[in-house]
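# Geometric and topological summary
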Amino acid sequence: MSRATFGDFLQAAHDGLGPPSGAGSYAPRGSVEEVSRSLLRVVTVMGRYVQDMTAGLDGIGRRARPPLHPWARACLQVREALSNAAWFLTDGGPNRRWPPSPAASPLARRLDAVTVSLTTGRDLLQTHFAPGAGSSWEHRSEWAVVVTSPPVTRALLAEIALLSRRIAHQGAGLALSPPAGVPGSAPERRRLNAACQWLWVLDTSVRAAQQQEPVAAADRDLMAAIPVNDLPPRRVPGGGEPVAVLCEGAITSAERVRHLAWVAAQDAPWSPGMSTGSLRQVARTSTVTSHNCHILLGTLAACTARAGQAQISEGLSAAADAAGRARDRWLRAACAIGQITTETEGHLSPAAIEAGDLALWTGRLAYADPQWTLVSGPAHPGRPPESLVSRPEDVPMAVAAVHQACETLAQLPQTEWEQISAAAQVGRILVPTSTLSSDYDVPRPFARAPHDRVEQLLAEYRGVAQASRQAATAVGEVAVAIQASSRVLVTARQAARASQPTRASKTADHADALAALRDPGAARESAAVREPDDTPGPIEHTLRGLGVSRPDLLTRGAELDRAGQRFLIDATVGINRQHKRPSAVMLSKTTATAALVNNALASGDSRAAAMLRGPQRPQQAESEAEREP
Amino acid sequence: MNEIAAAAARLQQAIGLAAILDAACGAFEDMLPVLWDRIDPGEPLFIAMLTAATCAADGRDAVLFAPSLPPHRRPAAPQAGSGQGSVDVVAGAVAGLCMLLAARLAEAAPSAADHGDRAACHAAARYASQIHEALAGASPL
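### A look at the overall build of chain B
For chain B, the helix and strand inventory stands at five helices and zero strands. Secondary structure elements of chain B, listed N to C terminal, follow the sequence α-α-α-α-α. Across the 141 residues that make up chain B, the buried fraction comes to 57%. Sequence separation of at least 24 residues holds for 81% of the intrachain contacts in chain B that already meet a minimum separation of 6. Accessible surface for chain B amounts to roughly 5,300 Å². Of this, 57% is attributable to carbon and sulfur atoms.

Structure follows, in structure tokens:
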């Protein structure tokens, strides 16, 4: 069974809101007070997400704050918008506590469902962190650096904006609906509408950043793929499993080994898990796993060549060669590790034990013998291509299994290098005295390893890391090309690199992400998918309400709405220059005014936000947002 | 191959716990370069030889920390295996040496007064058996 991912809860939040606007929207029904209370909960949890992203900036003086990248600016503007929305929803109105019974209003119930999904989603992300010293957060998994990475932060903001926009449509629809069917006082309605207007402003801020640097589809996929930090249970093959089960087993095993190795790298250098027994086991089994990957990639290259997929086949052949080179480097490392020792002989780390599982799962995939093991002996015929891939759609699954294994093999030498370095510094790396030159006179059978021997060993691990990374990259390119599920590993690696974590400190602030957002370096591919703004404006809405269905009239009404939007926005900009901006509640004073302002805000034109924000000097918005939702 | 034969001879001639431990440690050390020199991913014995080499290092380490192992030992054999013979022949010779190793260590263990020596003998005998198991099924013994 696969692990829960952040995408599960994000999707649930979208589903909770019902169909997108314009596609069978719900009729506005329910109590304004109830909806306001539920909206406050949504705004509060959204505020927590954004607080996670912006926490570090509070410590930087406004004057000292450097010019911000569009996404960093959007982040602060989103915080400001949520803070203002929350202020309108709490101003003399309901508190944020959950009522004893479920809401009766349909929209309130939908918003409560969104709150639950977003809260659970945030909890899932938080499983990758633990409180550290001071206000810092300690990483608890290799995914933590991805969670705080700029690409994921951007994707998260884009999702918050999308949800906000949908909520604004529904909330304002209720606030401006005829009083007969919707209980709620005029001030309550004005406050609800004003809160929704700030949600539109939020959306506009994110849109502005999107225009300058769109969120890549791969980054959205990565965000959605972030799993809960709870490993699937360890499994070993029983024998005779079908290929799909073997692929799944290899993927689970690879994920487990990566995590266990990451955990081991956080251990103190005197940890008993850091032993030559563990290092040898990892080197031996990783040599076998990379050999198995070499065989599997060769088989997959043959399968795809036969299916006429020449380019994919070529990529797989190149990856098979790279896996072969990685195997040769692992072999050298295994030989080098045989020449040193530690005093904790016989103690195997969990990562070392399970590295053997990975060799077993990949071996069962690679060889025809369903009972293959590492001690099975010589000469095993490989699995026939038609057995590995019986249908074209099996290729991505098999590639994903090999890709996951190769990613693990690329991470292992890095963590092993760190462990050996740390152990050498505290004198734990030993050699048999008999292997030392006669210059050494040591009255024991073993001695501390000379510096040059440690350096040689570390050089071998650097070589393994490089070769294994090349193999993982080569398989990753194929995984992306054929849309294998493991392709998120490629994006995750890019995201982790963008974060440039300081492993030495082993802690990170969520503000790392924001700091990295200032770096406009990484180019974004443009693939942002936005929901079209097909909500009718006030004139079109009125026409439809009157029963007008003639397309030419509705089109003319929509044109008038757009002209009204432009007119209002242009006029507002003029007012701003004279510092005569009305308050948000004033903009919701009458239903007609509110409908026009809402329509302008929903246009996504960044100038429309000035109606609420007022005249601003450059960068002023970044220094706002002090009210906590 | 000469190293393997010499190691086997020393092991057979060893008398007393310290001498057996010394000969066992030397045997593991001597088989290491011989095995590594012949590990070839293109060979059917690739994984068996790799397993054997890893176990040989583990076996050496098991004996290396035995309290009764003499502190001053003869220099280890050169890193590159200098012997001749095919992979099959080498595998057979090493498997044979390991069978002897396992037997001598198992025989020495009960005579050891120190717990550390007994544990070392048992662990090293186990690694020797694993090498034998990995190579014996793979070679014409």
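### A look at the overall build of chain A
Assigned secondary structure in chain A consists of 22 helices and five strands. The 629 residues of chain A split such that 56% are buried. Taking contacts inside chain A between residues at least 6 apart in sequence as the whole, the part at least 24 apart equals 82%. Carbon and sulfur atoms make up 54% of the accessible area of chain A, which totals about 25,900 Å².

### Let's talk about the domain arrangement of chain A
Residue and element names in this part refer to chain A. Parsing chain A into structural domains produces domain 1 (6-19 + 28-226 + 526-535) and domain 2 (243-498). Across the boundary between the two partners, domain 1 contributes 15 residues, which contact 11 residues of domain 2. Taken as a group, E142, D221 and L222 account for 41% of the area that domain 1 buries against domain 2, more than any other trio of residues on that side. The interface formed by domain 1 and domain 2 holds one salt bridge in total. The partner of D221 in a salt bridge is R487, and the shortest N-O contact between them spans 3.7 Å. Connecting domain 1 to domain 2 are one residue pair in polar contact (both at pLDDT 80 or more). Those elements that place two or more of their residues in the side of domain 1 that touches domain 2 are helix 5 (144-147), helix 6 (150-175) and helix 8 (217-225). Here the side of domain 1 that touches domain 2 takes five residues from helix 8, the largest share from any one element.

### Quick look at the interface of chain B and chain A
Contacts between chain B and chain A engage 31 residues on the former and 37 residues on the latter. Taken together, both faces of the contact between chain B and chain A bury some 2,600 Å²; the carbon and sulfur share is 67%. Of all residues in chain B, W36, I47 and F65 of chain B give up the largest surface area on contact with chain A, accounting jointly for 22% of the area buried on that side. At the junction of chain B and chain A, the tally comes to two salt bridges. We note a salt bridge from R280 of chain A to D58 of chain B, for which the minimum N-O separation is 2.6 Å. The interface formed by chain B and chain A includes eight residue pairs in polar contact (both at pLDDT 80 or more). Those elements that provide at least two residues to the side of chain B that touches chain A are helix 2 (17-38) and helix 3 (46-64) of chain B. In terms of residue count, helix 3 of chain B provides more of the side of chain B that touches chain A than any other element does, 11 residues in total. The residue makeup of the side of chain B that touches chain A, split by class, is 20 nonpolar, five polar and six charged.

### Let's talk about the packing of aromatic side chains
On inspection of all chains with the given rule, the structure shows four aromatic pairs over all chains. Seen from their ring centres, Y367 of chain A and W372 of chain A are 5.0 Å apart, and the 20° between their planes marks the pair as stacked. Residue classification places Y367 of chain A among the buried residues on the basis of a relative accessible area of 5%. A cation over a ring is seen here: R126 of chain B above Y127 of chain B, with NZ or CZ 5.5 Å from the ring centre.

### Structural notes on the packing of helix 11 (residues 310-337) of chain A against helix 15 (residues 451-481) of chain A
Residues and elements named next belong to chain A. Two elements in contact, helix 11 and helix 15, have axes separated by 8 Å at closest approach and are oriented at 160°. Looking at the two axes, helix 11 sits roughly antiparallel to helix 15. Seen along the crossing, helix 11 lies across helix 15 with a hand that is left-handed. Tallied by class, the residues present in the contact of helix 11 with helix 15 amount to 20 nonpolar, four polar and four charged.

### Some remarks on helix 3 of chain B
For helix 3 of chain B, with 19 residues, the first-to-last C-alpha span of 27 Å sits near the 27 Å given by 1.5 Å per residue. Within helix 3 of chain B, 19 of the 19 residues are buried, leaving the element largely enclosed by the surrounding structure.

### Considerations on the confidence of the model for chain B
On average, residues of chain B score 88 in pLDDT, and 87% of them are at 70 or above. Across the interfaces of the predicted complex, the ipTM metric reaches 0.90, alongside a pTM of 0.80.

### Description of helix 5 (residues 115-136) of chain B
Residues and elements named next belong to chain B. Taking 1.5 Å per residue as the helical rise, helix 5 with its 22 residues ought to reach 32 Å, and the 31 Å between its terminal C-alpha atoms agrees with that figure. Along helix 5, the residues classified as buried are D117, A120, C121, A123, A124, A125, Y127, A128, I131, A134 and L135. Buried residues in helix 5 make contact with helix 2, helix 3 and helix 4 (87-108). Two or three places before G116, at the opening of helix 5, D114 has a side-chain oxygen 2.5 Å from that residue's backbone nitrogen.

### Some words on the confidence of the model for chain A
For residues with low pLDDT, the predicted coordinates do not support detailed interpretation. Residues and elements named next belong to chain A. When pLDDT is averaged across chain A, the result is 82; 78% of the residues are at 70 or more. Taken as a whole, residues 501-532 scores under 50 in pLDDT and shows 82 contacts with residues more than four places along the chain or in a different chain. Below pLDDT 50 for its whole length, residues 615-629 participates in 36 contacts with residues either more than four positions away or in separate chains.

### Things to note about the side chain of R364 of chain A
Residue and element names in this part refer to chain A. Along the chain, R364 turns up in helix 12 (residues 350-366). The buried charged residue R364 lacks any salt bridge partner; its closest oppositely charged side chain belongs to E241, at an N-O distance of 4.4 Å. Ignoring sequence-local partners within four residues, the contact set of R364 consists of P237, G238, G239, E241, L246, D369, P370, Q371, W372, T373 and R383.

### With respect to the nonpolar core
Grouped together as the largest cluster of nonpolar side chains are 141 residues, with contacts concentrated most on V399 of chain A together with F28, M31, L101, I131 and L135 of chain B. Of all hydrophobic cores here, the second largest spans 75 residues; its members include V43, W71, L202 and A602 of chain A.

### Examining the pattern of salt bridges
Per the stated rule, a full pass over the model turns up 25 salt bridges over all chains. In this structure, E255 of chain A and R3 of chain A form a salt bridge, with 3.6 Å as the shortest nitrogen-oxygen distance. Highlighted residues: E255 of chain A in helix 9 (residues 243-265) and R3 of chain A in the segment before helix 1 (6-16), separated in sequence by 252 residues. Summarising the burial analysis for this pair, E255 of chain A and R3 of chain A share the class buried. When the shortest N-O distance is used, the salt bridge between R329 of chain A and E460 of chain A registers 3.5 Å. On the criterion of sequence distance, the pair formed by R329 of chain A in helix 11 and E460 of chain A in helix 15 is long-range, its members being 131 residues apart. Each of R280 of chain A together with D58, R60 and D61 of chain B takes part in a single network of salt bridges with overlapping partners.

### Focus: unusual backbone geometry
At Q483 of chain A, a position not held by glycine, the phi torsion is positive, near 60°. By the secondary structure assignment, Q483 of chain A is in the loop between helix 15 and helix 16 (488-499).

### Topic: the state of the cysteines
This structure, assessed with the given rule, holds zero disulfides over all chains. With no disulfide partner, C335 of chain A has as its closest neighbouring cysteine sulfur the one in C55 of chain B, 15 Å distant. Under the relative-accessibility criterion, C335 of chain A is labelled partly exposed at 22%.

### Topic: the environment of Y49 of chain A
Residue and element names in this part refer to chain A. As for its position among the elements, Y49 is in helix 2 (residues 32-54). Overall, the relative accessible area of 2% leaves Y49 in the buried class. Sequence separation between Y49 and L118 is 69 residues, and the spatial gap between their C-alpha atoms is 9.0 Å. In this structure, Y49 is in contact with F6, L118, G121, R122, L125, L156 and I160, ignoring residues within four places of it in sequence. Among the polar contacts listed, one links the side chain of Y49 to the backbone nitrogen of R122, at a separation of 2.9 Å.

Cut-off values and rules
- Starting from 1, residues in each chain are numbered consecutively following that chain's sequence as written.
- Numbering of ligands from 1 and lettering of chains from A proceed in the order in which they are written.
- It should be noted that, the model being predicted, local features are given only for residues of pLDDT at least 70 and side-chain atom pairs only at 80 or more, the latter also being counted only at that level, while totals for whole chains, interfaces and linings use all residues.
- To get the side-chain values, all heavy atoms of the structure are used, and hydrogens and water are removed first.
- Runs of E in the DSSP output that reach at least two residues are strands. Runs of H or I that reach at least four are helices, and both are numbered from the N terminus.
- A simple rule labels every residue: compare its accessible area, found with a 1.4 Å probe on the protein chains alone, to the largest value its type can have, and call it buried under 20%, exposed over 50%, or partly exposed in between.
- Every residue pair with non-hydrogen atoms within 4.5 Å of one another is taken to be in contact.
- For accessible areas, the Shrake-Rupley method is used with a probe of radius 1.4 Å. Any residue's cover is judged against the shown protein chains and nothing else.
- The source of the domain bounds is an automatic or database domain assignment.
- The quantity reported as buried area is the accessible area (1.4 Å probe) lost by two parts once they are put together, taken as the sum for both.
- Here a salt bridge means any side-chain nitrogen of Lys or Arg lying within 4 Å of a carboxyl oxygen belonging to Asp or Glu.
- Within 3.5 Å is the distance limit for a polar contact, defined as a pair of N or O atoms, with the added protein rule that one can donate a hydrogen and the other accept it, and that residues adjacent in sequence qualify only through two side-chain atoms.
- Put simply, Ala, Val, Leu, Ile, Met, Phe, Trp, Tyr, Cys and Pro go in the nonpolar bin, Asp, Glu, Lys and Arg in the charged bin, and everything else, Gly too, in the polar bin.
- Paired rings are identified among Phe, Tyr and Trp, the last through its six-membered ring, by centres lying within 6.5 Å, and are further divided according to the angle between planes into stacked (under 30 degrees), edge-to-face (over 60) and tilted (the rest).
- Whether a charge sits over a ring comes down to the Lys NZ or Arg CZ being within 6 Å of the ring centre and within 35 degrees of the ring normal.
- Between N-to-C directions, angles cover 0 to 180 degrees, with each direction set by a line fitted to C-alpha atoms, over the stretch in contact for helices.
- An angle below 35 degrees is read as roughly parallel, one above 145 as roughly antiparallel, one from 65 to 115 as roughly perpendicular, and any other as oblique.
- For any helix crossing, the convention is left-handed if the near helix is rotated counterclockwise from the far helix by under a right angle, and right-handed if that rotation is clockwise.
- The span you would expect from a helix comes to 1.5 Å times its residue count less one.
- Confidence of the predictor at the level of single residues is given by pLDDT, which spans 0 to 100.
- Residues scored as positive are Lys and Arg, those scored as negative are Asp and Glu, and His as well as the terminal groups of each chain are ignored.
- Note on terminology: a nonpolar core comprises buried Ala, Val, Leu, Ile, Met, Phe, Trp, Tyr and Cys residues joined through side-chain atoms within 4.5 Å.
- The disulfide criterion is simple: two cysteine sulfur atoms within 2.5 Å.

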